[in-house]
Amino acid sequence: MAILDGHDALFLDLDGVVYEGPHPIPHAVDTINDIASSGLPVAYITNNASRSPEQVAEHLSSFGIATDASHIFGSAATAAEMLKIQVQPGDPVLVVGSRYLADEVRRHGYRPLTTQDAETIAPRSVIQGFDPSVGWKDLAAASFAILGGASWFATNTDKTIPQPQGIAPGNGALVAAVEMATGMVPLVAGKPEPVIFHLAAQELGVKNPLMVGDRLDTDILGGNNAGFDTALVLTGIHGQGAVDQADADMKPTYIINDLRELLTDGRPQLRAVK
């Protein structure tokens with residue numbers, strides 16, 4: 001039996017699983033298209049909060065992957081959906097992040113505020129996501145609002161992000177700065193929290209997806225937290241050594257060398273970890 005047998009969908013991380021920078025991972029495109037053509041839903045779970053589903057789908061399509069925006073689940077839309085926990089429709093929300101994140105806040109029925117707006121309008125909530133333009137004034141405005149009683153949501157807490165030049169601070173590093181200033185912690189939408197996985201499963205009408213990722217601390221931990229089977233693919237960040245040293249909640253159900261092994265009968269190179 002292939003690893004996908006018994007699962008009703010395939011959830012994939014992007015960087016390190018489908019592509020690396022501007023180039024697709026070897027064998028990823030053909031395997032994904034073969035799986036999708038078999039009728040199994042393929043969805044993409046990303047912590048990236050600065051690109052819209054349409055932009056991600058266009059990026060994947062440029063590699064020859066057949067997909068659309070309805071199969072892209074990002075942390076920005078998830079965080080905006082979570083606002084309803086504590087924020088009323090029409091309430092002002094300070095957006096620390098990208099223009100796309102502000103658009104999502106508006107689309108969900110709230111009033112997005114800039115850092116300048118927050119000087120005269122008291123935010124009811126703060127939503128924080130990564131964008132290269134985020135600076136000290138934005139983090140300070142978020143801190144002021146949170147200490148003033150605003151609820152706080154973060155799209156994700158990834159400490160680092162890969163860049164062509166190397167590894168750079170991610171949204172988690174910026175969130176940590178606000179945590180230090182306020183002594184508060186946000187509600188988190190993206191991996192490794194289960195919300196984004198459950199939202200994707202609900203939208204697609206599936207109950208038993210397999211989550212495949214290259215990072216133990218986000219993809220695998222998140223899939224495990226959601227109660228789904230997980231597979232670590234050895235084409236990205238973490239390898240066998242990291243699995244050996246990982247806590248139990250970060251252990252994947254399976255380890256695969258590349259995505260082709262999702263379709264391999266008999267699992268000759270698949271190692272069940274759990």
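Quantities reported herein were computed from a predicted structural model and do not represent experimental measurements.

What counts and how
- Going along each chain's sequence as written, the residues are numbered from 1 onward.
- Local features are withheld for residues below a pLDDT of 70 in this predicted model, meaning they are given only at 70 or higher, and side-chain atom pairs are given and counted only at 80 or more; totals for whole chains, interfaces and linings count all residues.
- Only heavy atoms go into the side-chain values, all of them from the structure, while hydrogens and water stay out.
- Of the two site types, the cavity is a set of points on a 1 Å grid over the protein atoms alone where a 1.4 Å probe fits but cannot get out, and the pocket is an open set with protein on both sides within 12 Å along at least five of seven lines, each lined by residues with an atom within 4 Å of a point.
- Grid points are joined across faces, edges and corners, and a volume is the space filled by probe spheres set on the points.
- Labels follow the DSSP assignment, with helices taken as runs of H or I lasting at least four residues and strands as runs of E lasting at least two, numbered in each case from the N terminus.
- Basically, the charged four are Asp, Glu, Lys and Arg, the nonpolar ten are Ala, Val, Leu, Ile, Met, Phe, Trp, Tyr, Cys and Pro, and anything else, Gly included, counts as polar.
- Nonpolar core, defined: a set of buried Ala, Val, Leu, Ile, Met, Phe, Trp, Tyr and Cys residues in which side-chain atoms within 4.5 Å join the residues together.
- Under the scheme applied here, a residue whose accessible area is under 20% of the maximum for its type counts as buried, over 50% as exposed, and between as partly exposed, the area being computed with a 1.4 Å probe on protein chains only.
- The contact rule is simple, with two residues in contact once any of their heavy atoms fall within 4.5 Å.
- By arc we mean the arc of the directions from the helix axis to the C-beta atoms, nothing more.
- To get an axis, a line is fitted to the C-alpha atoms, and for a helix only the part in contact is used. The angle between two axes follows their N-to-C directions and goes from 0 to 180 degrees.
- Reported orientations rely on four angle classes, namely roughly parallel under 35 degrees, roughly antiparallel over 145, roughly perpendicular from 65 to 115, and oblique for the rest.
- Crossings are assigned a handedness: left-handed for a near helix turned anticlockwise from the far helix by less than a right angle, right-handed for a clockwise turn.
- By definition, two strands form a pair when at least two bridges between them are found by DSSP.

Remarks on the layout of surface pockets
Part 1: In this structure, the largest pocket occupies an estimated 990 Å³ of space.
Part 2: As for the largest pocket, its lining consists of 34 residues, of which Asp15, Tyr19, Asn48, Ile161 and Pro162 are closest to the centre.
Part 3: In terms of residues, the lining of the largest pocket owes the most to one element, strand E10 (residues 160–163), which gives four residues.
Part 4: Looking at the lining of the largest pocket residue by residue, the class counts come to 10 nonpolar, 15 polar and nine charged.
Part 5: Taken as a whole, the second largest pocket holds about 330 Å³ of empty space.
Part 6: Lining the second largest pocket are 18 residues, and of these Pro53, Ile72, Phe73, Ala77 and Arg107 sit closest to its centre.
Part 7: Taken together, the residues of the lining of the second largest pocket sort by class into eight nonpolar, five polar and five charged.

A short note on the nonpolar core
Part 1: Leu10, Leu12, Val18, Tyr44, Val212, Leu259 and Leu262 are the most contacted members of the largest nonpolar core, which totals 30 residues.
Part 2: When contributions to this core are tallied by element, the ones reaching two or more residues are strand E1 (9–12), helix H1 (28–37), strand E4 (42–46), helix H2 (53–62), strand E13 (209–213), strand E14 (229–233) and strand E15 (254–256).
Part 3: Ranked by residue count, the leading element in this core is H1, at four residues.
Part 4: What tyrosine 44 contacts, discounting residues up to four positions off in sequence, is Leu12, Leu14, Val18, Ile32, Leu60, Ile65, Thr67, His71, Ile72 and Phe73.

Structural notes on H1
Part 1: Buried within H1 we find Ala28, Val29, Thr31, Ile32 and Ile35. Mapping the buried residues of H1 onto a view down its axis gives an arc of 165 degrees, with all of them on the same face. Opposite the buried face of H1, at more than 90 degrees from it, the exposed residues are Asp30 and Ser37.
Part 2: Next to the buried residues of H1 lie E1, strand E3 (23–24) and E4.
Part 3: Residue glycine 39 follows H1 closely and has a positive phi angle near 105 degrees.

Observations concerning empty space enclosed by the protein
Part 1: Counted by the stated rule, this structure contains one cavity of 30 Å³ or more.
Part 2: There is about 40 Å³ of room inside the largest cavity.
Part 3: Lining the largest cavity are Thr46, Asn48, Arg51, Pro53, Ile72, Phe73, Gly74, Ser75, Ala76, Ala77 and Tyr100.
Part 4: Taken together, the elements giving at least two residues each to the lining of the largest cavity come down to strand E5 (72–74) and helix H3 (75–82).

Quick look at unusual backbone geometry
Part 1: In this structure, the amide linkage connecting lysine 191 to the following residue, proline 192, adopts the cis form with an omega of 10 degrees.
Part 2: Structurally, the position occupied by proline 192 is in the loop between strand E12 (187–188) and helix H7 (195–204).
Part 3: With a phi angle near 75 degrees, histidine 27 is a residue other than glycine that sits in the positive phi range.
Part 4: Residue placement: histidine 27 occurs in the loop between E3 and H1.

Quick word on the packing of helix H5 (residues 136–147) against helix H6 (residues 171–182)
Part 1: One can describe the packing of H5 onto H6 by two numbers: an axis separation of 9 Å at closest approach and a directional angle of 45 degrees. Put simply, H5 runs oblique to H6. In the crossing of H5 with H6, the sense of the turn from one axis to the other is right-handed. The segment H5 lies against H6, with Leu139, Ala142, Ser143, Ile146 and Leu147 engaging Leu174, Ala177, Val178, Ala181 and Thr182.

Structural notes on the pairing of E1
Part 1: The alternating pattern of E1 places Ala9 and Phe11 and Leu10 and Leu12 on opposite faces, both of which are buried.
Part 2: Here four bridges tie E1 to E13, and the two strands are oriented parallel to one another. Directly across from leucine 10, in E13, lies its bridge partner leucine 210.
Part 3: In this sheet, E4 lies alongside E1 in parallel orientation, the contact comprising three bridges. Residue pairing across strands places leucine 12 opposite tyrosine 44, the latter belonging to E4.

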